[in-house]
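# Notes for the structure review
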Amino acid sequence: MPFPVDRPRRLRRTEALRSLVRETDVLPRHLIAPLFVKAGITEPEAIASMPGQLQHTLESLCKEAREIHARGVRAFLVFGIPAAKDAVGSQAYAPDGISQQGLRALRDEFGADVVLIGDLCLCEYTDHGHCGVLEGGTVRNDATLELYASTAIAQAEAGVDLVAPSGMMDGQVAMIRDALDEAGHAETAIMAYAAKYASAHYGPFREAAECAPQEGDRSGYQMDPANAREALREAAFDIEEGADIVMVKPALPYLDVISAVAEMSPVPVAAYNVSGEYAMVKAAAERGWIDGDRVALEHVTAIRRAGADLVITYFAKELCTS
Ligand SMILES: [Zn+2]
């Protein structure tokens with residue numbers, strides 16, 4: 001008998017064969033494009049640490065969304081940057097807050113043809129940059145929940161399909177579900193940032209959303225990067241509290257967590273391929289050290305292979321070229 005008998009290379013011989021047996025796809029329908037809309041600007045502004053990403057005016061927000069939509073991506077996660085910030089982030093839940101304006105503009109533009117997701121947090125809107133009500137240097141959990149509830153209602157009234165609470169307060173999903181139901185928004189779904197880590201990979205986002213904490217950091221509420229078991233507990237709570245989708249953030253350094261959550265979750269699992277993951281690829285590609293397009297596709301493929309049904313990624317537009 002010739003050696004070897006098993007030759008896995010047989011199925012790698014041509015692109016047609018490889019395509020036939022490929023296990024993981026990245027299709028436009030799997031992707032969610034994050035978009036930033038900023039109050040009080042008349043021209044879109046570049047985000048230096050995230051080449052290709054912009055802080056949008058309402059007009060350029062719709063234009064960018066049209067271009068992404070033309071490539072087949074039909075879901076957008078909207079972040080607002082207000083003109084003025086205060087201690088309790090009141091522009092997050094103002095009916096005419098910039099995020100609500102952006103969501104309304106996109107809904108008018110696309111009707112039911114797209115999925116609109118509102119990032120639900122206070123850090124872009126507070127002058128101290130924390131995700132909730134700050135008292136004596138600590139973010140107060142339960143006082144913050146009240147404001148999340150108001151924000152959820154404001155976003156639901158602006159027409160979102162999903163609200164995406166990202167503040168990692170205990171009980172936030174239950175609180176938001178109750179508030180939405182009581183306000184007559186039983187159809188508005190919740191994509192919970194279930195396992196959001198206190199990661200150093202959010203650096204560029206803080207420039208994009210202008211939300212770096214003025215003092216301290218977020219490790220009192222976001223998860224310790226060293227913990228995986230705890231992520232399953234967080235996801236289980238969120239599912240029990242009524243989350244329709246659970247999310248792991250960041251994605252690449254936490255593929256094991258995505259995989260474990262996907263294993264246990266009865267609801268779809270999303271992963272957020274965050275700003276730092278994007279910036280590293282862009283920076284290395286700019287220097288000619290890597291092929292950025294191929295690395296981006298490989299990264300998003302890996303996130304899908306780990307078990308993410310949906311990937312929130314700044315690469316959404318460029319990954320979908322047709
Ligand atoms: Zn936040």
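Refer to the structure presented above.
In what follows, the accompanying structure is described. (Residues numbered from 1 in each chain as written. Predicted model: local features only at pLDDT ≥ 70, side-chain atom pairs only at ≥ 80, totals over all residues. Heavy atoms only, no water.)

## A word on the environment of Ala271
Within the secondary structure layout, Ala271 lies in strand E11 (residues 269-273). Taking the C-alpha atoms as reference, Ala271 lies 7.2 Å from Ile258; in sequence the two are 13 residues apart. Those residues in contact with Ala271, other than ones at most four positions away along the chain, are Met247, Val248, Ala251, Ile258, Ile303, Ala308, Leu310, Val311 and Ile312. (Helix = DSSP H or I, 4+ residues; strand = E, 2+ residues; numbered from the N terminus. Contact = heavy atoms within 4.5 Å.)

## Some words on a nonpolar patch on the surface
Taken together, the side chains of Leu11, Leu20 and Val21 make up a nonpolar region of the molecular surface, amounting to roughly 290 Å² of accessible area. Mapped onto the fold, Leu20 is located in helix H1 (residues 15-20). For Leu20, a relative accessible area of 68% translates into the label exposed. (Patch = residues over 30% accessible without salt bridge, like charges linked within 9 Å, V, L, I, M, F, W, Y side chains within 5 Å. Areas by Shrake-Rupley, 256 points an atom, 1.4 Å probe, with all protein chains shown as cover. Salt bridge = Lys/Arg side-chain N within 4 Å of Asp/Glu carboxyl O. Buried < 20%, exposed > 50% of the residue type's maximum accessible area, 1.4 Å probe, protein only.)

## Here's the deal with the nonpolar core
Counting 102 residues, the largest nonpolar core has Phe36, Phe76, Leu77, Tyr148, Met191 and Tyr272 as the members making the most contacts within it. No other element matches strand E9 (residues 189-196), which puts seven residues into this core. Aside from chain neighbours lying at most four places away, what touches Phe76 is Ile32, Ala33, Leu35, Ala65, Ile68, His69, Phe110, Val114, Val115, Leu116 and Ile117. (Core = buried A, V, L, I, M, F, W, Y, C linked by side-chain atoms within 4.5 Å.)

## Examining the packing of aromatic side chains
Taken as a whole and judged by the stated rule, the model has 10 aromatic pairs. Between Tyr197 and Tyr254, the aromatic rings sit 4.1 Å apart at their centres with planes inclined by 15 degrees, giving stacked as the arrangement. Residue Tyr197 is found in the loop between E9 and helix H6 (203-209), and its partner Tyr254 is found in the loop between strand E10 (245-249) and helix H8 (255-264); the two are separated by 57 residues along the sequence. Given the relative accessible area of 0%, Tyr197 is considered buried. A relative accessible area of 7% means that Tyr254 is categorised as buried. Ring-pair connections join several aromatic residues into one group, and the members of that group are Phe36, Phe79, Tyr193, Phe205, Tyr272, Tyr278, Tyr314 and Phe315. Here Lys249 stacks its cationic end above the ring of Tyr202, 5.0 Å away from the centre of that ring. Positioned above the aromatic ring of Tyr272, the side-chain terminus of Lys249 is 4.3 Å from the ring centre. (Phe/Tyr/Trp six-rings, centres within 6.5 Å; stacked < 30°, edge-to-face > 60°. Lys NZ or Arg CZ within 6 Å of the ring centre and 35° of its normal.)

## Observations regarding the side chain of Gln172
Mapped onto the elements of the fold, Gln172 is located in helix H5 (residues 172-182). Of the residues examined, Gln172 reaches a relative accessible area of 2% and is grouped as buried. Apart from the residues lying within four places of it in its own chain, the contact partners of Gln172 are Leu145, Tyr148, Pro165, Ser166, Gly167, Tyr193 and Glu241.

## Things to note about the pairing of E11
Of all five residues that make up E11, five are buried, and the element is covered over most of its length. Note that E10 and E11 share three bridges and pair parallel. In the sheet register, Val246 faces E11, and the bridge partner there is Val269. Handedness of the crossover joining E10 and E11 through H8: right-handed. Bridge analysis of E11 against strand E12 (residues 310-313) gives four bridges, and the strand direction is parallel. (Pairing = 2+ DSSP bridges. Right-handed = clockwise from strand over helix to strand, strands pointing away.)

## Some details on the pattern of salt bridges
One pass over the full model with this rule turns up 13 salt bridges. Glu210 is paired through a salt bridge with Lys38; the nearest N and O atoms lie 2.9 Å apart. Pair noted here: Glu210 is in the loop between H6 and helix H7 (229-241) and Lys38 is in strand E1 (residues 31-38), with a separation of 172 residues, a long-range link. With a relative accessible area of 32%, Glu210 lands in the partly exposed category.

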